[in-house]
Amino acid sequence: MVDPLNVGDSLPCILVTDDDPDMRLLLSRFLEKNGFLPLLAESGHQAIQMFRTRRPDLVLMDANMPGMSGFQATQELCKLDTDKRVPIIMVTGLADEESVDQAFRLGVEEFITKPINWALLRHRIANLLQRRHLERKILESEGRFRSIVHSSAHAIVTADAEGRIILWNRSAQEAFGYTETEVLHQSLTMLMPQRLRSSHLLGFGRAVGSRELCLSGTTVELVGLHKGGEEFPLEATLAMWEAGGQLFFSGKRGQLRLDQQLPISPNVNGWSRNGSGPCRIVWPSVLCWRLLWNPSR
């Protein structure tokens, strides 16, 4: 028996669509026995109406039905389910290759043939609901993260392993002058002076290749390039961590004033402050970094 608590906080609602009343009854009893709430439709048209009024957690769809077939109904349900959160299992007497291919092409996620293997159907339902539950949690977490990022007073920029910008908040727009549309999927190098770009790319390649960030935990002073062509100083403290086999980098608030001057001179590996001895200032070779820019300073 499937424990509904493993897939959500309430009984998962499953829409059963089959023109055979005996099959609807069998599926209804099976679902109730296993801790699910059945919602019964005797045709494709009725299934679409029920889907609109009460969004189920999963759909069991017969293929051969008079009027609107299960294939046609599946196609319409997928149009309604724009965010792809309701999985469809086709439960049918058809087992030919063409029917299987058509079902998956239309958006079905599982295909169960009749007579039904009830243990197999139980596990397929549980696995799909569990996966959808985890996906919703991830989306909720991502939504909270994006809300925090976009409401931050600090400019936050995120880039992928290719150095392409994938996240850009409002404060970053204020700092650099670019809108989100203008920078998404563009190279990070557009945010730095031309003379610093080659050293950035060299360091970026080393960081990705070695999975090490030599400036981790260190506050670094950088030079940003505004859309209008003006250069401005900024400061970030960088950190790096690894999860799921992927590298993550971040920065936290520094104390550099906007009016602080940063005379810099190039060297072969990076950029150093004039007269600052061994202290080296480089553009961070990171996948995710935060630029600290506060117009009130």
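Refer to the structure above for everything that follows.
Not measured: the values here are computed from a predicted model.

**Looking at the packing of helix α2 (residues 44-53) against helix α3 (residues 70-80)**
Relative orientation of the contacting elements α2 and α3 amounts to 15°, with a least axis distance of 9 Å. In this view, α2 runs roughly parallel relative to α3, as classed from their interaxial angle. Seen from above, α2 lies across α3 with right-handed handedness. For the pair α2 and α3, contact is made by G44, A47, I48, F51 and R52 and by A73, E76, L77 and L80, respectively. Tallied by class, residues from the contact of α2 with α3 come to 6 nonpolar, 1 polar and 2 charged.

**Observations concerning a negative patch on the surface**
Residues D96, E97, E98 and D101 make up a contiguous surface patch of negative charge. Tracing the chain through its elements places E97 in helix α4 (residues 97-106).

**Quick notes on the pattern of salt bridges**
Evaluated as defined, the whole model comprises 12 salt bridges. In this structure, K79 and E76 form a salt bridge, with 3.5 Å as the shortest nitrogen-oxygen distance. In this pair, K79 and E76 both sit in helix α3, 3 residues apart, roughly one turn of the helix. When the shortest N-O distance is used, the salt bridge between E109 and R132 registers 2.1 Å. Residue E109 is found in the loop between α4 and β5 (110-113), and its partner R132 is found in helix α5 (residues 118-151); the two are separated by 23 residues along the sequence. Classification of E109 as partly exposed rests on a relative accessible area of 24%. Assessed through its relative accessible area of 7%, R132 is described here as buried. Salt bridges linked by common partners bring E109, R131, R132 and E135 together as one network.

**Here we look at the environment of L11**
Relative to the elements of secondary structure, L11 occurs in the segment before β1 (13-17). Sequence separation between L11 and P38 is 27 residues, and the spatial gap between their C-alpha atoms is 9.7 Å.

**Regarding the nonpolar core**
One finds L15, V59, M61, L77, I88, M90 and A103 to be the most contacted residues of the largest nonpolar core, which totals 23 residues. Breaking this core down by element, the ones donating at least two residues are β1, β2 (37-41), α2, β3 (58-61), α3 and β4 (88-92). Excluding residues that lie within four positions of it along the chain, M61 makes contacts with T17, G70, A73, T74, L77, I88, I89, M90 and V91.

**A few points about the sheet that holds β5**
Read from one edge to the other, the open sheet built from 5 strands follows the order β2-β1-β3-β4-β5, with strand pairing classed as parallel. Across the chains shown, the open sheet's two edge strands, defined by having one partner strand only, are β2 and β5. Adjacent strand axes in the sheet meet at a mean angle of 20°, parallel and antiparallel pairs treated alike. Sheet analysis places β1 next to β2, joined by 5 bridges and oriented parallel.

**Some details on the environment of E109**
C-alpha of E109 to C-alpha of R124: the two residues are 15 residues apart in sequence and 9.7 Å apart in space. If near-sequence neighbours (up to four positions away) are discounted, E109 is found in contact with P87, I88, F104, L128, R131 and R132.

**Focus: α3**
Buried within α3 we find G70, F71, A73, T74, L77 and C78. For α3, the buried positions fall inside an angular range of 160° around the axis, keeping them on one side. Those residues of α3 that are buried are in contact with α2, β3, β4 and α4.

**As for the side chain of N169**
Mapped onto the fold, N169 is located in the loop between β7 (165-168) and α6 (170-176). Among the residues examined, N169 registers a relative accessible area of 1% and is labelled buried. There is a polar contact of 2.9 Å between the side chain of N169 and the backbone nitrogen of A172. Every residue in contact with N169, bar those within four places of it in the chain, is listed here: V149, H150, S152, H154, A155 and I156.

Thresholds applied
Residues numbered from 1 in each chain as written. Predicted model: local features only at pLDDT ≥ 70, side-chain atom pairs only at ≥ 80, totals over all residues. Heavy atoms only, no water. Axes fitted to C-alpha atoms, helices over the stretch in contact; angles between N-to-C directions. Helix = DSSP H or I, 4+ residues; strand = E, 2+ residues; numbered from the N terminus. Parallel < 35°, antiparallel > 145°, perpendicular 65-115°, else oblique. Left-handed = near helix turned anticlockwise from the far one by under 90°. Contact = heavy atoms within 4.5 Å. Nonpolar A, V, L, I, M, F, W, Y, C, P; charged D, E, K, R; others polar. Patch = residues over 30% accessible without salt bridge, like charges linked within 9 Å, V, L, I, M, F, W, Y side chains within 5 Å. Areas by Shrake-Rupley, 256 points an atom, 1.4 Å probe, with all protein chains shown as cover. Salt bridge = Lys/Arg side-chain N within 4 Å of Asp/Glu carboxyl O. Lys, Arg positive; Asp, Glu negative; His and termini not counted. Charge placed at Lys NZ, Arg CZ, Asp CG, Glu CD. Buried < 20%, exposed > 50% of the residue type's maximum accessible area, 1.4 Å probe, protein only. Core = buried A, V, L, I, M, F, W, Y, C linked by side-chain atoms within 4.5 Å. Pairing = 2+ DSSP bridges. Arc of directions from axis to C-beta. Polar contact = N/O pair within 3.5 Å; in protein donor to acceptor, adjacent residues only side chain to side chain.

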